[in-house]
Structures are given as structure tokens and as C-alpha cells.
Amino acid sequence: MSLFDTFDPDSEEILKPSSMYSPQEGFPETVVLTFSDKTIHILQDICETETVATLRGGRPVPVYKFSWNGKDVGVFHTLIGGAGTAGLLEEALALGAKKVLLYGSCGVLDASLAAGRFIIPTAAYRDEGTSYHYMPVSDYVDIPTAQRLGEIFDELHLPYVQGRVWTTDAFYRETRNNMEKRKADGCIAVDMECASVMAVAQFRGAEIYQFIYAEDCLDGATWDRRTLGNVSMSTREKYLRIALEVASRL
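Residues numbered from 1 in each chain as written. Predicted model: local features only at pLDDT ≥ 70, side-chain atom pairs only at ≥ 80, totals over all residues. Heavy atoms only, no water.

Undergrad: Any chance you could explain the layout of surface pockets here in plain terms?
TA: Size it by volume and the largest pocket reaches roughly 930 Å³. Contributing to the lining of the largest pocket are 35 residues, with S105, C106, E215, D216 and L228 lying nearest its centre. Listing elements by their share of the lining of the largest pocket, those giving two or more residues are β5 (99-108), α5 (176-184), β9 (187-191), β10 (207-217) and α7 (233-247). The residue inventory of the lining of the largest pocket, partitioned by class, reads 16 nonpolar, 12 polar and seven charged. The wall of the second largest pocket is formed by 21 residues, among which E13, L15, E90, Y134 and R204 lie closest to the centre. For the lining of the second largest pocket, the secondary structure elements donating two or more residues are α1 (17-20), α3 (82-95) and α6 (194-204). The dominant element in the lining of the second largest pocket, judged by the number of residues it contributes, is α3, at five residues. Of the residues in the lining of the second largest pocket, the class split is nine nonpolar, five polar and seven charged. (1 Å grid on protein atoms, 1.4 Å probe; cavity = no way out; pocket = protein on both sides within 12 Å on 5 of 7 lines; lining within 4 Å. Points joined across faces, edges and corners; volume = space filled by probe spheres on them. Helix = DSSP H or I, 4+ residues; strand = E, 2+ residues; numbered from the N terminus. Nonpolar A, V, L, I, M, F, W, Y, C, P; charged D, E, K, R; others polar.)

Undergrad: Hey, could you run me through the pairing of β5 in this one?
TA: Working note: regular strand, side chains alternate between the two faces of the sheet. Within β5, eight of the 10 residues are buried, which leaves it mostly tucked inside the rest of the structure. Taken together, the four bridges between strand β1 (residues 30-34) and β5 define a ladder with parallel strand orientation. When the sheet's bridge partners are listed, V31 is paired in β5 with V100. Relative to β9, β5 is paired through two bridges, and the arrangement is antiparallel. The partner of V108 across the bridge, within β9, is A189. (Buried < 20%, exposed > 50% of the residue type's maximum accessible area, 1.4 Å probe, protein only. Pairing = 2+ DSSP bridges.)

Undergrad: Looking at this model, I keep getting lost on α7. Mind explaining?
TA: Residues three or four positions apart in an α-helix share a direction because the helix packs 3.6 residues into each turn. Compared with an ideal rise of 1.5 Å per residue, which puts 15 residues at 21 Å, α7 spans 21 Å between its outermost C-alpha atoms and is within 8% of the ideal. Listed in full, the buried residues belonging to α7 are R236, Y239, L240, I242, A243, L244, V246 and A247. (Expected span 1.5 Å × (residues − 1).)

Undergrad: Explain the packing of aromatic side chains here, please?
TA: Each aromatic ring pair is specified by the distance between its two centres and by the angle formed by the two planes. If you walk through the whole model with that rule in mind, you get 11 aromatic pairs. Between F153 and F211, the aromatic rings sit 5.3 Å apart at their centres with planes inclined by 70 degrees, giving edge-to-face as the arrangement. With F153 in helix α4 (residues 146-155) and F211 in strand β10, this pair connects stretches of sequence that are 58 residues apart. The exposure classification of F153 matches that of F211, with both residues buried. For the cation-ring pair, R164 lies above Y140, with the distance from its terminal atom to the ring centre recorded as 4.0 Å. Looking at R182, its charged tip hangs above the ring of Y125, at a distance of 3.8 Å from the centre. (Phe/Tyr/Trp six-rings, centres within 6.5 Å; stacked < 30°, edge-to-face > 60°. Lys NZ or Arg CZ within 6 Å of the ring centre and 35° of its normal.)

Undergrad: Mind showing me how you'd approach the packing of α3 against α6 here?
TA: How two helices pack is summed up by the angle between their axes together with the distance between the axes. Interaxial distance between α3 and α6 falls to 9 Å at its minimum, and their mutual angle equals 30 degrees. The pairing of α3 with α6 is recorded here as roughly parallel in orientation. Crossing of α3 over α6 shows right-handed handedness. Residues G82, T85, A86, L89, E90 and L93 of α3 form the contact with α6, whose participating residues are S196, V197, V200 and R204. (Axes fitted to C-alpha atoms, helices over the stretch in contact; angles between N-to-C directions. Parallel < 35°, antiparallel > 145°, perpendicular 65-115°, else oblique. Left-handed = near helix turned anticlockwise from the far one by under 90°. Contact = heavy atoms within 4.5 Å.)

Undergrad: Hey, could you run me through the environment of Q210 in this one?
TA: Mapped onto the fold, Q210 is located in strand β10. For Q210 and V141, which are 69 residues apart along the polypeptide, the C-alpha to C-alpha distance reads 13 Å. Every residue in contact with Q210, bar those within four places of it in the chain, is listed here: L101, L102, I120, P121, L149, D191, C194 and M198.

Undergrad: Which parts of the structure should I look at to understand α4?
TA: Inspection of α4 places A146, L149, G150, I152 and F153 among the buried residues, and these make up the whole buried set. Down the axis of α4, the sector holding all buried residues measures 160 degrees, keeping them to one side. Looking at the packing, one finds that the buried side of α4 touches β6 (118-127), β8 (161-168), β10 and α7. One or two residues past the end of α4 sits H157, with phi positive at roughly 60 degrees. (Arc of directions from axis to C-beta.)

Undergrad: Any chance you could explain the pattern of salt bridges here in plain terms?
TA: It is possible for side chains of opposite charge to pair when their charged atoms get near one another. Scanning the entire structure with this criterion turns up 10 salt bridges. Across the pair K16 and E12 runs a salt bridge, and its minimum N-O distance is 3.0 Å. A relative accessible area of 27% means that K16 is categorised as partly exposed. Between R249 and E155 there is a salt bridge whose closest N-O contact spans 3.1 Å. With R249 in the segment after α7 and E155 in helix α4, this pair connects stretches of sequence that are 94 residues apart. Residue classification places R249 among the partly exposed residues on the basis of a relative accessible area of 35%. (Salt bridge = Lys/Arg side-chain N within 4 Å of Asp/Glu carboxyl O.)

Written as C-alpha cells, this is what we have:
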């Protein structure tokens, strides 16, 4: 049996999200996923939050609920990597989430994309394992929500670029040859979750949106760290406020 034969749409899961969670009254239908606990601290400094649920991710993962622009929104600190994020996403959907916004940093495959540049993925190369359990074999998973997300960025007068991304679950094996292949194929950035969560979205019939911002650069003679791991708290707050403005318009 090949890895590519793992998609099994004709057989039910042994352990279902509904085995662990059921729809919860008052659970926010719009949820934001962040990769930083610092972002959660910033959120709690700028608005009042309440804990409405706790997810499982090898550690307790609180889901916080708050109001933004008159709309109830949830947020939680997700895990790095497609498998962990997909699992937490499944749990949030089982609780009642309908629209999910994921945002975080990425590496760029084009040196002309400056640090901090916003990128809206239009398709993700499936160089990971999770997506193969949620959809048939293909090189890419398309992202139909990219158009609406671009419209919201336009409404907010936020500059951005759109393009394919390369999702990998082995960031220490982003080889030069593979990077060049993905770049030649039209990928402009590399991340670790996009293909996985978009496959979950299509399988579960949920709306998943994602934007990423440029940090390190793989497009050069050597790896360029740029702002990776060195984003100021004020910049983190700016990204958070943008995410919340976007989420309130979904």
C-alpha cells in the first residue's frame, strides 16, 4: 500500500471529532488561529476575553472569545505544523466554528518580497502527509477562499501579493534543489500548514482563510534570517489587529 493510497472516503473514521466534542452553544462561528503565545497576551491587553473551550494538542489549548467590531470572534494558539494544526482545527469545527482565519510567518522563495510583506496563498504544494488523508492525490490543493480574502485586504487598503506556496513538514530538509523546483513551479513562499488545513476545509465543508507574512528568505546564496524570531511586539500587535479586522468581515 502506497502512502498515496491513504485517502479513504468510503470508510468512517474510528475516532471522530464528534467522539470528543459536540456543538457548543455560544461557541464563536469565526475563529482566528495564531502561532504565538505572545499574540494571545497582546489580545488580552487590548480587549476583554473569556475562555469558552479547551482543545487537546499535547497540552491544553484554551479558546478565547471576545467581541471585535460588534462580532463574536474566537482565537487560540495553534501548533506548528500541518498535523497538529489540522487536529486542533477539527476540534474547533466540531465545537461550532464555521469560518477560520489562520495567519503566521513564512519563508520567501523570491528575494524581492521584503520582510513583512503580506502573502495570500492561492494554492499549496502538498509536501506533507496530512492532506493525503483528506483528499485524493494531487500536487496542489487549490484555495477558493483566496479571492474573498484579497477583496477584504483591498477594502482595508492593505498591500499584498497572491501566489502558490510550498507546504512542507520538514523545515530542516528544505533543500536547494527542492526550493528551485518549487520556485520554478510558481511558488513564492514556504510554510508548514497551508496544504493540510485547506484539505481539511474541503473535506469538512468549512471556510478556511489564510494569509502569511514574509520573514526569512531562501532565495540567495545562503539562507537569510531577516526578521525570523525577531518581530517586535508592536509589529505583532499590528498583525493581530489586521487579522481581527479581516476576521470581523468574513
